[in-house]
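# Commentary on secondary and tertiary structure
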Amino acid sequence: GYEGEILDIFDEFDASKAVVWIDPLDGTSDFVAGNLSAVTVLIGLAIDGVPKIGVVHNAFETSDPASPGMTIFGTQEHGAFRLDFDPKADAKVL
């Protein structure tokens, strides 16, 4: 079982051993109360019971309705990173 150790880097995996978690509205009570900065979307991936990738997107990071929000992703192998939205990026880059 998984004991917190970092396992081998993976390029390919057996999809039958993958589990994906998606919480499309983490912070439901905050959303209802209008505390939008506390609302996030959560995505996680585990392979054979080992956590591999996590993503947190805060769509309401600021009070600016034109803001794309903030996305952070992380892996055991690479650490955590903030992804900044570039409105000039073309679809191939995205």
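Preceding this section is the structure that the text describes.
What comes next is a walk through the structure. (Residues numbered from 1 in each chain as written. Predicted model: local features only at pLDDT ≥ 70, side-chain atom pairs only at ≥ 80, totals over all residues. Heavy atoms only, no water.)

### Side note on the pairing of strand β2 (residues 40–47)
What counts, and what does not: Paired strands, in this sense, are two strands between which DSSP finds at least two bridges. Counting from the N terminus, the helices are DSSP H or I runs at least four residues long and the strands are E runs at least two residues long.
Direction of pairing for strand β1 (residues 18–26) relative to β2: antiparallel, over a ladder of seven bridges. By the bridge assignment, A18 is partnered in β2 with I47. In terms of strand pairing, β2 meets strand β3 (residues 50–58) through seven bridges, oriented antiparallel. The partner of L45 across the bridge, within β3, is I53.

### Quick word on the sheet that holds strand β5 (residues 79–83)
One key point about sheets: their strands pair by backbone hydrogen bonds, in either a parallel or an antiparallel sense. As a reminder, the rule being used: Fitted lines through C-alpha atoms serve as axes, helices being fitted only where they are in contact, and the angles separating the N-to-C directions of these axes extend from 0 to 180 degrees.
Here five strands make up an open sheet; going across it, the order is β1-β2-β3-β4-β5 and the pairing antiparallel. Either end of the sheet is taken by a strand with one partner, and the two such strands are β1 and β5. The sheet shows a mean angle of 15° between the axes of neighbouring strands, taken without regard to direction.

### A short note on a nonpolar patch on the surface
The condition is simple: Each patch is assembled from residues with relative accessible area greater than 30% and no salt bridge, linking like charges that lie within 9 Å and nonpolar side chains (Val, Leu, Ile, Met, Phe, Trp, Tyr) that lie within 5 Å. Only the protein chains shown count as cover for residues, with accessible areas throughout obtained via the Shrake-Rupley method and a probe of 1.4 Å. What counts as a salt bridge is simple: a side-chain nitrogen of Lys or Arg found within 4 Å of a carboxyl oxygen of Asp or Glu. Working definition: with a 1.4 Å probe on protein chains only, accessible area under 20% of the residue-type maximum means buried, over 50% means exposed, and in between means partly exposed.
There is a patch of nonpolar side chains on the surface, built from F31, V32, L36 and F60 and spanning about 340 Å² of accessible area. With respect to the element layout, V32 can be found in helix α1 (residues 28–33). Assessed through its relative accessible area of 66%, V32 is described here as exposed.

### Observations regarding the side chain of T71
We count it as follows: Contacts between residues were defined by any pair of non-hydrogen atoms, one from each residue, lying within 4.5 Å.
Following the sequence through the fold, T71 ends up in strand β4 (residues 70–75). Other than its neighbours up to four places away in sequence, T71 contacts V55, V56, H57, F81, R82 and L83.

### Quick look at the environment of G74
When you line up the elements, G74 lands in strand β4. Taking the C-alpha atoms as reference points, G74 and K52, separated by 22 residues in sequence, lie 8.4 Å from one another.

### Some words on the environment of N35
Looking at the element boundaries, N35 is found in the loop between α1 and β2. Its relative accessible area of 33% is what places N35 among the partly exposed residues. The spatial distance from the C-alpha of N35 to the C-alpha of F60 is 9.2 Å, given a sequence separation of 25 residues.

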